[in-house]
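Overview (structure and organization)
Here is what each chain is made of, one letter per residue.
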Amino acid sequence: MTDEELIVEFALTRLDNPGLDLEEVAALVVRRMGPERMVEFAGQTLAHRDELRGALFPAAVEHVLRVVLTLRGPRD
């Protein structure tokens, strides 16, 4: 999944759940993507941190947040 596709999924999930904060929306995205994507996202987070082990779900959520915040850019 490309970063752009992930942003679209995040945006659609956020539209469906406007009262949630960013981390809660990211958690919903990870749950909706399923176990294969969760493993993929967690692996990317652990590689980014240069770690061999970590909790799967939180690492996957961190990946989604990192992509969203990176592509969102600096706020004015």
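Before any of the text, the structure's been laid out above.
Attention here is on the structure that accompanies the text. Computed from a predicted model, the values in this text were never measured in an experiment. Within any chain, residue numbers begin from 1 and follow the written order of that chain's sequence. Given that this is a predicted model, residues contribute local features only at a pLDDT of at least 70 and side-chain atom pairs are listed and counted only at 80 or more, while totals for whole chains, interfaces and linings are drawn from all residues. Neither water nor hydrogens contribute to the side-chain values; these are computed over all heavy atoms in the structure.

Further remarks concern helix H1 (residues 3-16). Taking 1.5 Å of rise per residue, the 14 residues of H1 would be expected to cover 20 Å, and the 20 Å separating its terminal C-alpha atoms lies within 8% of that figure. Residue burial is assigned from relative accessible area. The probe radius is 1.4 Å, only protein chains are included, and a residue is buried under 20% of its type maximum, exposed over 50%, and partly exposed in between. Strands are runs of DSSP state E lasting at least two residues, helices are runs of H or I lasting at least four, and both sets are numbered from the N terminus onward. Among all positions in H1, only Leu 6, Phe 10 and Thr 13 are buried. Seen from one end, H1 has its buried residues packed into an arc of 65°, which puts them on one side. The exposed set on the far side of H1, more than 90 degrees from its buried face, consists of Glu 4 and Leu 15. Note on definitions: a residue-residue contact is assigned when non-hydrogen atoms from the two residues lie within 4.5 Å. Looking at the buried residues of H1, the elements they touch are helix H2 (22-33), helix H3 (35-49) and helix H4 (56-72). Multiply 1.5 Å by the residue count of a helix minus one, and that product is the helix's expected span. The arc in question is traced by the directions running from the helix axis to the C-beta atoms.

Looking now at the pattern of salt bridges. Close approach of charged atoms lets side chains of opposite charge pair. Salt bridges, as used here, are contacts in which a Lys or Arg side-chain nitrogen is within 4 Å of a carboxyl oxygen on Asp or Glu. Under the definition given, this model contains four salt bridges. Between Asp 16 and Arg 32 there is a salt bridge, with the nearest N and O atoms lying 3.9 Å from each other. With Asp 16 in helix H1 and Arg 32 in helix H2, this pair connects stretches of sequence that are 16 residues apart. Of the residues examined, Asp 16 reaches a relative accessible area of 54% and is grouped as exposed. The closest approach of N and O atoms between Glu 40 and Arg 37, which form a salt bridge, is 2.9 Å. In this pair, Glu 40 and Arg 37 both sit in helix H3, three residues apart, roughly one turn of the helix. We classify Arg 37 as partly exposed; its relative accessible area is 28%.

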